[in-house]
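Each chain, written out:
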Amino acid sequence: MTETTEPPVHRTRIFADLTPLRSSPDYRRLWFGNTVSWIGQGMTALAVSLQVYDITGSAFSVGLIGFCSLVPLVVFGLYGGAVADTVDRRKLGLFSAAGSFSLALVLMAATFAGVENVGLLYAIVALQAVCFALNAPARSSMVARLLPPEQLPAANALSSMTSTTGALVGPMLGGLIVGWWGYRAAYTVDALTFTASLYAMWRLPAMLPDRDGQEGREGGGVRKRASVLDGLRFLGGRPNLRMTFLTDLCAMVLAHPRALFPVVAIVWYGGDARTTGLLVAAPALGALLGGVFSGWLGRVRRHGLAVLLAVGSWGAAIAVFGLTRHLWLGLLFLALAGCADTVSMVFRNTMLQAAVPDEMRGRLQGVFIVVVAGGPRLGDFLAGSVADLTSPAVAVVGGGVACVVAVCLLALKWRGFARYDARDPQP
């Protein structure tokens, strides 16, 4: 009697793929440290906003906090990427995390000392943005060195859960802690959370940029200084990589209605500040769910096509949101938009990690930070301007439709992007 061997059964994965956490202790520590520190940063961001308002009583002063962080992110995002392609990324990540930790200690000490100075808070926010702009390119560039290429989509899905968890849980905890024990408690907890990130960076091996397999060493062992312009020129000649940024700008600039949520909450839904809070939270919740149920992403090979569909879905969901006048239906479409954004982010980041030479990864991640930081701010300005000239409905619906049209035009212009195959990543 002949035995027959049953073919292996491949079960469909629904929830997030945790393989990167199981296979790499270094990545596991890095992911855990980032998650904890993101929650702490979310707490501090809310606490600083509340404290500035308590001191000044001015909404404009609170709004200046965003400006204080935006300028350093844009300026030092590109510079931080170049530094990450020149020095040991572990040391850069460690020093910048130590800088953020020191600033958290300054906030804590100033609060315990009873110092209430808005200028000091603005300065700390700006310096924290500088540390983040130096840390993020180094940290993102490390992932492709810690994991094999087939695990990068799963790792980026896990990273999306880190940022969305911080955006959701951090402010909620911050509000509770400030309400119960005051600002000093919130800043103390934030300082403690940074120790997880510091420990993760400390345990990593040295990670010099790999130049032609020589880990950043040229000839006589001297590392060549990376140039921001070289990074931009590299991006300009790589259509697939360029498309990852252009498609994201379509979504964040053309179809980003966040600035209109306070008006929409009152005019469309007859609500109040709590309604605005629901509108703000809905995309973040959708993004988090997109990460939780991301197990299927690892089986996708046509990453470019996935990005086009995801960004088009974002625009379509925003357009339909602009047509709804029922709150829960509107929240549903905002959550769908957030889920689509997670899918887009996972594949865009994977392409940046897999199709970019290691010696260029820092600089391309620096450009990524500039786009992520600047795109939504431009989107806020555009949405507010169009709504003021026409109406919120025209701004939201028109922005969503414009996003879909722009993505279609880009796909027609650079047809090779839709054919991008993860098995043969071409920049």
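Model, not experiment: these values are computed from the prediction.

Focus: the overall build of the protein
Working step 1: From N to C terminus, the protein includes 15 helices and 2 strands.
Working step 2: Over its C-alpha trace the protein gives a radius of gyration of 22 Å, about what one expects of a compact globule, namely 22 Å for 427 residues.
Working step 3: With the principal axes as the frame, the protein shows a C-alpha extent of 75 × 55 × 50 Å.
Working step 4: Counting over 427 residues, the protein shows a buried share of 52%.
Working step 5: With an accessible surface of roughly 19600 Å², the protein has 67% of that area assigned to carbon and sulfur atoms.
Working step 6: Each charge class in the protein can be summarised by its mean position, and for the 34 positive and 24 negative side chains these summaries are 2 Å apart.

Things to note about the packing of aromatic side chains
Working step 1: If you walk through the whole model with that rule in mind, you get 6 aromatic pairs.
Working step 2: When the ring of Phe 76 is compared with that of Tyr 79, the centres are 6.3 Å apart and the planes differ by 80 degrees; the resulting orientation is edge-to-face. Linking Phe 76 with Tyr 79, this pair stays in helix 3 (residues 59-84), spanning 3 residues, or about one helical turn.
Working step 3: On the accessibility criterion, Tyr 79 (47% relative accessible area) is partly exposed.
Working step 4: Ring plane angle 55 degrees and centroid distance 5.8 Å describe the contact between Trp 268 and Phe 321, whose orientation is recorded as tilted. Taken together, the positions of Trp 268 in the loop between helix 10 (261-267) and helix 11 (273-292) and Phe 321 in helix 12 (residues 303-323) put the pair 53 residues apart, joining distant regions of the chain.
Working step 5: You can call Trp 268 buried: its relative accessible area is 11%.
Working step 6: An aromatic cluster is built from Phe 261, Trp 268, Tyr 269 and Phe 321, whose rings are joined through pairwise contacts.
Working step 7: Lying across the ring of Trp 202, Arg 90 places its NZ or CZ 5.5 Å from the centre.
Working step 8: Lying across the ring of Trp 414, Lys 413 places its NZ or CZ 5.9 Å from the centre.

Comments concerning a nonpolar patch on the surface
Working step 1: On the surface, Phe 67, Val 71, Val 74, Val 75, Phe 76 and Tyr 79 cluster together into a nonpolar patch covering about 530 Å² of accessible area.
Working step 2: Of note, Phe 67 is situated in helix 3.

A closer look at helix 2 (residues 25-56)
Working step 1: End to end, helix 2 covers 46 Å across 32 residues, agreeing with the expected 46 Å (1.5 Å per residue, within 8%).
Working step 2: Following helix 2 by one or two positions, Gly 57 adopts a phi angle in the positive range, close to 65 degrees.

Some thoughts on the pattern of salt bridges
Working step 1: This model, assessed by the stated rule, comprises 5 salt bridges.
Working step 2: The salt bridge partner of Asp 85 is Arg 89, with a shortest N-O separation of 2.7 Å. Each member of the pair, Asp 85 as well as Arg 89, carries the same accessibility label: buried.
Working step 3: Across the salt bridge formed by Asp 380 and Arg 258, the nearest N and O atoms sit 2.5 Å from each other. Of the two residues, Asp 380 sits in helix 14 (residues 358-389) while Arg 258 sits in the loop between helix 9 (239-254) and helix 10, which places them 122 residues apart along the sequence.
Working step 4: Linked through salt bridges whose partners overlap, the residues forming this network are Asp 85, Arg 89 and Arg 363.

Some thoughts on the nonpolar core
Working step 1: Formed by 57 residues in total, the largest nonpolar core has its most connected members in Phe 245, Leu 279, Trp 314, Phe 321, Leu 364 and Cys 403.
Working step 2: When residues of this core are traced back to their parent elements, those giving at least two are helix 8 (228-236), helix 9, helix 10, helix 11, helix 12, helix 13 (327-354), helix 14 and helix 15 (392-413).
Working step 3: Per-element accounting of this core gives the leading share, 10 residues, to helix 13.
Working step 4: When sequence neighbours within four positions are dropped, the list of residues in contact with Leu 364 reads Gly 231, Phe 234, Leu 235, Phe 245, Leu 352 and Val 356.
Working step 5: Core analysis: the next-biggest nonpolar cluster, separate from the first, contains 22 residues, Ala 47, Cys 68, Leu 107 and Tyr 122 among them.

Some points on the environment of Thr 164
Working step 1: Among the secondary structure elements, Thr 164 is positioned in helix 6 (residues 152-181).
Working step 2: Judged by relative accessible area, Thr 164 falls into the buried class, the value being 10%.
Working step 3: Sequence spacing of Thr 164 and Gly 366 is 202 residues, and the spatial spacing of their C-alpha atoms is 20 Å.
Working step 4: If near-sequence neighbours (up to four positions away) are discounted, Thr 164 is found in contact with Ala 284, Ala 287 and Leu 288.
Working step 5: A distance of 2.8 Å separates the side chain of Thr 164 from the backbone oxygen of Ser 160, its partner in a polar contact.

Focus on the packing of helix 6 against helix 7 (residues 183-203)
Working step 1: Two elements in contact, helix 6 and helix 7, have axes separated by 7 Å at closest approach and are oriented at 135 degrees. In terms of axis orientation, helix 6 runs oblique to helix 7. Across from Ile 177, Val 178 and Trp 181 in helix 6, the residues of helix 7 making contact are Tyr 183, Arg 184, Ala 185, Ala 186 and Val 189.

Notes on the side chain of Asp 88
Working step 1: Assignment of secondary structure puts Asp 88 in the loop between helix 3 and helix 4 (89-112).
Working step 2: Notably, Asp 88 is buried but unbridged: the nearest opposite-charge side chain belongs to Lys 91, and the N-O separation is 4.9 Å.
Working step 3: In this structure Asp 88 touches Ala 206, Met 207 and Leu 208, once residues within four positions along its chain are discounted.

As for the confidence of the model for the protein
Working step 1: Mean pLDDT over the protein: 83, with 92% of residues reaching 70 or higher.
Working step 2: Low pLDDT, under 50, characterises residues 213-222; the stretch is placed with 15 contacts to residues that sit more than four places away or in other chains.

Some thoughts on the environment of Gly 375
Working step 1: Looking at the secondary structure, you find Gly 375 in helix 14.
Working step 2: Sequence-wise, Gly 375 and Ser 69 are 306 residues apart; in three dimensions their C-alpha atoms are separated by 14 Å.
Working step 3: Sequence-distant contacts of Gly 375, that is, excluding residues within four places in its chain, are made with Leu 249, Met 252, Val 253 and Val 370.

The rules behind these values
Residues numbered from 1 in each chain as written. Predicted model: local features only at pLDDT ≥ 70, side-chain atom pairs only at ≥ 80, totals over all residues. Heavy atoms only, no water. Helix = DSSP H or I, 4+ residues; strand = E, 2+ residues; numbered from the N terminus. Rg over C-alpha atoms; globule rule 2.2 N^0.38 Å. Buried < 20%, exposed > 50% of the residue type's maximum accessible area, 1.4 Å probe, protein only. Areas by Shrake-Rupley, 256 points an atom, 1.4 Å probe, with all protein chains shown as cover. Lys, Arg positive; Asp, Glu negative; His and termini not counted. Charge placed at Lys NZ, Arg CZ, Asp CG, Glu CD. Phe/Tyr/Trp six-rings, centres within 6.5 Å; stacked < 30°, edge-to-face > 60°. Lys NZ or Arg CZ within 6 Å of the ring centre and 35° of its normal. Patch = residues over 30% accessible without salt bridge, like charges linked within 9 Å, V, L, I, M, F, W, Y side chains within 5 Å. Salt bridge = Lys/Arg side-chain N within 4 Å of Asp/Glu carboxyl O. Expected span 1.5 Å × (residues − 1). Core = buried A, V, L, I, M, F, W, Y, C linked by side-chain atoms within 4.5 Å. Contact = heavy atoms within 4.5 Å. Polar contact = N/O pair within 3.5 Å; in protein donor to acceptor, adjacent residues only side chain to side chain. Axes fitted to C-alpha atoms, helices over the stretch in contact; angles between N-to-C directions. Parallel < 35°, antiparallel > 145°, perpendicular 65-115°, else oblique. pLDDT = per-residue confidence, 0-100.

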